[in-house]
Each structure stands twice: as C-alpha cells, then as structure tokens.
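What follows is the residue order along each chain.
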Amino acid sequence: GCVNTKTVSITVSNPTVNAVANPTNICAGNSATLTGSGAATYTWNPGNLTGTSVSVSPSVTTTYSIVGTTSLGCVASNTVNLTVSPNPTVTASSSPTAICVGATASLSAIGATSYTWNPGNLTGANVSVSPASTTVYTVTGLTGICSNVNTVTVTVNPLPTLTTTASPATLCIGNTATLTASGAATYSWNPGALSGASATVSPIVNTTYTVTGTSAAGCVNTKTVSITVSNPTVN
C-alpha cells in the first residue's frame, strides 16, 4: 500500500514569427526586401518564395503572409504590408518648338508636383531656355517619393549669313547703283523701304544701306553696304 510519485515535464514551443519590409513604401517598378525572424525556415506568399529574406517587386500595394517553421516543426505565421505608390505621368512641351539663335523658348511640364530640367539643372513647372543649337531637354517629375521622366526637343535655326554688294560702289550724283544681297529668302533695304534680293538706288549723298534678310525658317539678320556719291565742282 506504499505510494511514490515522480514528475515529467513537457515543453511546449509557441513560436512567434515576425516579418518586416525594407523599405515599407516603394514606387512601381522598384523592389523591397522582406525579412522574417523567429523560425528556422520561411515561406512567403504571394509568390511562394522561400528564405529568411526575399526580394519582391509588386505593381500594387500588397500584403505578404509569412509562414515560419521552427527546428521542432512548429509553425507560426504573420503578415507584412508593402505599399506601392504609382509613378507620375509627366508630359513636357515647348513653346515655340523651334527658335532662332539668340531667342528663347518656354518649357512646360505637367503631371507631377516638382520638376528638374536638364541640361541646365533648372527647376519648376515652367522654365525659359535659350540653347545655341538644337537640344533635347529631359524633365524629371517628382510626386512624393516617386518620379518619372520625359523629353522635349527645342529646334534651333541659324541666322542667315548675308553677303551684300553695291555696283558701282562709287557713283556720280544723279546716277544709279544696284544693291545685291544673298544668303536669305527675303530681303528689305533701308533707307528706302525697298524689297528684293536686288534694289536700285540713286543717292545724292554718301549713304549706308542696311539689308534685313529673313531665312525660310523665319530667322533674321542684317548687313550693311555703302555707296559713295561723287559731287564734282567745276570752276
């Protein structure tokens, strides 16, 4: 009728699995690293990915579930949220799209909250540029942490290179001379408000004529030519 007792202990494992995303907010097209702790092996979904750390690149905000298994075979789960922000749609334009050397164009962008233009490292939704040659400008638009780019081309047309002559360059009073210009599409002469590649003049004093030449692209340049008038005195 004698009695004795003895105890035996059972340890119950109750694992806690944790999951973090780094970073927690990404832009569409970028990636984040998901990392688990508290277990020995891990499976992540969606994607059925395995490993302590996995790289993911969802196109929309996604909640990932993690299932962790300890070395004893115990299982625990958790979730982590990865926020995905859309990239802005940036539209760029130039007014005008073509300029002459020395002129300016206004570049404009919409679709984001802040903008940087290159070349030039200019900032703002609207900027003025005066390139010396045809240039492709790239604008980077930023909204929050996300950005996108677009381009716009400013075409730069050269000024016409004018050549002028007077025949003859010296004349007697009352005679005429022919002024000739080349290098542009249209011409205007002053004084006299004459037009054309050639103009006939009959100055009574020494006169310097200015020709304004306009190219087919609408760019303007000027050049001068002088006529000496001989006014002899007979005694």
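Refer to the structure presented above.
Residues numbered from 1 in each chain as written. Predicted model: local features only at pLDDT ≥ 70, side-chain atom pairs only at ≥ 80, totals over all residues. Heavy atoms only, no water.

(A) Expanded view of the state of the cysteines. Tallied over the entire structure, the rule returns two disulfides. Paired through a disulfide, Cys100 and Cys219 show a sulfur-sulfur distance of 2.1 Å. Looking down the S-S bond of the Cys100 and Cys219 bridge, the torsion is -95°, so its handedness is left-handed. In this pair, Cys100 is assigned in strand S10 (residues 98-100) and Cys219 in the loop between strand S23 (207-214) and strand S24 (220-230), connecting sequence segments 119 residues apart. By the burial criterion, Cys100 is buried, and Cys219 matches it. Once the bonded cysteines of the protein are numbered in order along the sequence, the disulfide links fall as 1-3, 2-4. (Disulfide = S-S within 2.5 Å. Helix = DSSP H or I, 4+ residues; strand = E, 2+ residues; numbered from the N terminus. Buried < 20%, exposed > 50% of the residue type's maximum accessible area, 1.4 Å probe, protein only.)

(B) Geometry of the environment of Thr228. Here Thr228 lies in strand S24. Its relative accessible area of 38% is what places Thr228 among the partly exposed residues. For the pair formed by Thr228 and Pro168, sequence separation is 60 residues and the distance between their alpha carbons is 9.1 Å. Other than its neighbours up to four places away in sequence, Thr228 contacts Ala169, Thr170, Leu171 and Asn206. (Contact = heavy atoms within 4.5 Å.)

(C) Just the environment of Ser128, in detail. Note that Ser128 resides in strand S14 (residues 126-129). Judged by relative accessible area, which is 56%, Ser128 ranks as exposed. The contact partners of Ser128, leaving out residues within four places of it in the chain, are Ala105, Ser106 and Leu122.

(D) Examining the environment of Leu72 more closely. When you line up the elements, Leu72 lands in the loop between strand S7 (62-69) and strand S8 (75-85). Taking C-alpha positions, Leu72 is 9.7 Å from Ala39, a pair spaced 33 residues apart along the chain.

(E) Spatial organisation of the sheet that holds strand S6 (residues 53-56). As summarised here, the arrangement of the three strands in space is S1-S3-S6, forming an open sheet in which the pairing is antiparallel. Looking at the sheet topology across the chains shown, the edges are occupied by strand S1 (18-22) and S6. Taken over all neighbouring pairs, the strand axes of this sheet differ in orientation by 20° on average, direction set aside. In the sheet, strand S3 (residues 32-37) pairs with S6 via four bridges, with the strands oriented antiparallel. Its bridge partner lying in S6, Thr35 is registered against Ser53. (Pairing = 2+ DSSP bridges. Axes fitted to C-alpha atoms, helices over the stretch in contact; angles between N-to-C directions.)

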